[in-house]
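Listed here are the chains, written in short residue letters.
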Amino acid sequence: MDDPRADDPNHVLEFRLPDLGEGLADAELQSWAVAVGDTVELNQTIAEVETAKAVVALPSPFAGTVVELLAEPGQTVPVGAPLIRVRTTAPATPEAPSVGESSEPPVPERKSVLVGYGPEDDAVSRRRRPAAKSAQQQAEPDNGTSASNGTRSAGARAAATPGARKLARELGIDLWYVAGSGPEGAVTVEDVRSAVPVSQPRVRAAAPASAESAAAVEAGADSGVVRPPAREERTPISGIRKRTAAAMVASARTIPQAGASITVDCTGSMELLDHLRTTAAFSGLTLTPLALVAKSVLAALAEFPGINAYWDEANQEIVTKHYVNLGIAVATERGLLVPNIKDAHASSLRDLCRDISWLVDVARTGNAAPTDLRGGTFTISNVGVFGVDAGMPLVNPGEAAIMCLGAISRRPWVVRDELTIRWVTTLTLSFDHRMIDGEQAARFLATVGSLIEDPITLLSRL
């Protein structure tokens, strides 16, 4: 007998986007892990959203069958807005209100759902299998999408994994031009990255009206003619690029910025790093010039606390921080991220080596938590890794300054009136001129430079 509750709308529950922390107002839906008709289990991942430059996996707060998806990938969803409707497998309870009730369904206690710390691996998809075709259907020709001939009907989508669809949207790639290597020819992330083009787009118009036109279509298909590449393309502004753009616009519009730079002889620092790498204390650690520069910056900030501050426009106050959350700018495939080391002022050189390596790794793998990307007080941008001598970065909103480290290279240098070859780099400081005067910025930058030139003075702080 059919379940009398099957058509009871009171058992269709609505899941709304929860507050993911840090007072976030919205999130961008990246991809769905389920489709209408799927059966989902409690805590099964149903979608991925991006907020505060971190990707977060959302688990289902109840079990049942997916009735409706209420948002599209790429759409910005406000906190509290409905995301999905699920018909539950058990009668609704007061703790799980039905559609139309004002309260949100409670989310059972669960592990962190940040990517890399998501639901257990045994949460499996209950996607329905397609019904078997009847004998008549099997005998009828397929004028739509075909895996064998690479064509598609109007409105059809190329078979691809959710990650591949997301990456293709970011890169502006039409999946019908990418040869799939996944199951049943599905396009994978690696396929999109390699962007292997097929000989022609997998698009075919409606069936020809006559045998002559059919022959003409087949002749065109067999000719191997490749559609010429587009002269321009349009990429939707979304995700990290959208949030980075908003932050940079806010920086340029609200912060009157000035800059200063200094070129320093860092031969002493390079020699010290070479020596420390041979010691047991740094065994197994990645000791880079950036770590030593970061230590020099932290020492200089202790001497110039006014650099570690921000301008509170609403309250007309300058807020000086007596702690340093040191931001490290990281270039990733998804865009620029700036995770920060909490309480870096208390870190030793060994701590900084570990923390910088860890932050770079979680940022590039997409596992950075929102808290890792918030609360920075001072930032270092290392453009030297790209072979660039110097840069003039924009100050992050909520901070007073940012320092850029240029390439460390061998250059002619005068030492005791003698021309020689030394390791040299350029440091550039961008700062908020409302609260930092030129003299203060210059003295701070000169102090950092002197510590890099004579790193022995840092030994007591390692």
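Everything numeric in this text was worked out from a predicted model, so none of it was measured.

Conventions used here
Residues numbered from 1 in each chain as written. Predicted model: local features only at pLDDT ≥ 70, side-chain atom pairs only at ≥ 80, totals over all residues. Heavy atoms only, no water. Core = buried A, V, L, I, M, F, W, Y, C linked by side-chain atoms within 4.5 Å. Buried < 20%, exposed > 50% of the residue type's maximum accessible area, 1.4 Å probe, protein only. Helix = DSSP H or I, 4+ residues; strand = E, 2+ residues; numbered from the N terminus. Contact = heavy atoms within 4.5 Å. Patch = residues over 30% accessible without salt bridge, like charges linked within 9 Å, V, L, I, M, F, W, Y side chains within 5 Å. Areas by Shrake-Rupley, 256 points an atom, 1.4 Å probe, with all protein chains shown as cover. Salt bridge = Lys/Arg side-chain N within 4 Å of Asp/Glu carboxyl O. Phe/Tyr/Trp six-rings, centres within 6.5 Å; stacked < 30°, edge-to-face > 60°. pLDDT = per-residue confidence, 0-100. Lys, Arg positive; Asp, Glu negative; His and termini not counted. Polar contact = N/O pair within 3.5 Å; in protein donor to acceptor, adjacent residues only side chain to side chain. Axes fitted to C-alpha atoms, helices over the stretch in contact; angles between N-to-C directions. Parallel < 35°, antiparallel > 145°, perpendicular 65-115°, else oblique. Left-handed = near helix turned anticlockwise from the far one by under 90°. Pairing = 2+ DSSP bridges. Expected span 1.5 Å × (residues − 1).

(A) A look at the nonpolar core. Residues Val297, Leu326, Phe378, Met403, Leu429 and Phe444 are the most contacted members of the largest nonpolar core, which totals 58 residues. Elements represented by at least two residues in this core include exactly α6 (267-276), α7 (289-303), β12 (326-328), α8 (349-364), β16 (378-382), β17 (401-405), β19 (418-432) and α9 (438-453). Element by element, the count of residues in this core is highest for α7, at 10 residues. Each residue touching Val297, except ones within four places of it in the same chain, is listed here: Phe378, Ile380, Met403, Phe444 and Val448. With 21 residues, the next largest nonpolar core counts Leu13, Ala71, Ile84 and Val86 among its residues.

(B) Looking closely at a nonpolar patch on the surface. A surface patch of nonpolar side chains, amounting to about 310 Å² of accessible area, comprises Val385, Phe386 and Val388. Positionally, Val388 belongs in the loop between β16 and β17. Take Val388: its relative accessible area is 36%, and that puts it in the partly exposed class.

(C) Quick look at the packing of aromatic side chains. Applying the stated criterion to the full structure yields two aromatic pairs. Ring geometry for Phe304 and Phe444: centres 6.2 Å apart, planes at 90°, overall edge-to-face. Of this pair, Phe304 sits in the loop between α7 and β10 (309-312) while Phe444 sits in helix α9, placing them 140 residues apart in sequence. Pair check on accessibility: Phe304 and Phe444 agree, each one buried. Between Phe378 and Phe444 the ring centres are 5.9 Å apart and the planes differ by 65°, which places this aromatic pair in the edge-to-face class. Of this pair, Phe378 sits in strand β16 while Phe444 sits in helix α9, and the two are 66 residues apart along the sequence. For Phe378, a relative accessible area of 0% puts it in the buried group. One aromatic cluster in this structure is built from Phe304, Phe378 and Phe444.

(D) Looking closely at the confidence of the model for the protein. Within the protein, residue pLDDT values average 78, and 72% of them lie at 70 or more. This stretch, residues 91-155, has a pLDDT under 50; its non-local contacts, to residues over four places away or in other chains, come to 92 contacts. Ignoring residues within four places in sequence, the model shows residues 196-209, a span with pLDDT below 50, making 34 contacts including any to other chains.

(E) Representation of the side chain of Glu399 within the structure. The residue Glu399 is located in the loop between β16 and β17 in this model. The charged side chain of Glu399 is buried without a salt bridge, its nearest counter-charge being Lys321 at 8.3 Å. Here Thr379 takes part through its side chain, which lies 2.9 Å from a polar atom of the side chain of Glu399.

(F) Structural view of the packing of α7 against α9. Running from N to C, α7 and α9 point in directions that differ by 135°, and their axes come no closer than 9 Å. By the angle between their directions, the pair α7 and α9 is classed as oblique. Along this stretch, α7 crosses α9, giving a crossing that reads as right-handed. Across from Val293, Ser296, Val297, Ala299, Ala300, Leu301 and Glu303 in α7, the residues of α9 making contact are Phe444, Thr447, Val448, Leu451 and Ile452.

(G) Here's a closer look at the sheet that holds strand β3 (residues 39-40). Spatially, the four strands line up as an open sheet ordered β1-β8-β6-β3, and their pairing is antiparallel. Of all strands in the sheet, those bounded by a partner on one side alone are β1 (12-16) and β3. Of the strand pairs in this sheet, β3 and strand β6 (residues 64-69) are connected by two bridges, and their pairing is antiparallel. By the bridge assignment for β6, Thr39 is matched with Thr65.

(H) Broad picture of the pairing of β10. Where β10 lies against strand β11 (residues 317-320), four bridges are found, and the strand directions are antiparallel. Looking at the pairing, Trp311 lines up with Ile318 of β11. The antiparallel pairing of β10 with β11 creates a hairpin that spans four residues between the two strands, and Gln316 there sits at a positive phi of about 55°.

(I) Inspection of α8 at higher detail. Counted at 1.5 Å a residue, the expected span for α8 with its 16 residues is 22 Å, and the 23 Å between its end C-alpha atoms agrees. Residues of α8 that are buried: Leu349, Leu352, Cys353, Ile356, Leu359, Val360, Val362 and Ala363. Structurally, α8 contributes buried residues whose contacts are with α6, α7, β12, β13 (330-332), β14 (335-337) and β15 (340-341). Once α8 finishes, Gly366 follows within two positions and takes phi at roughly 80°, a positive value.

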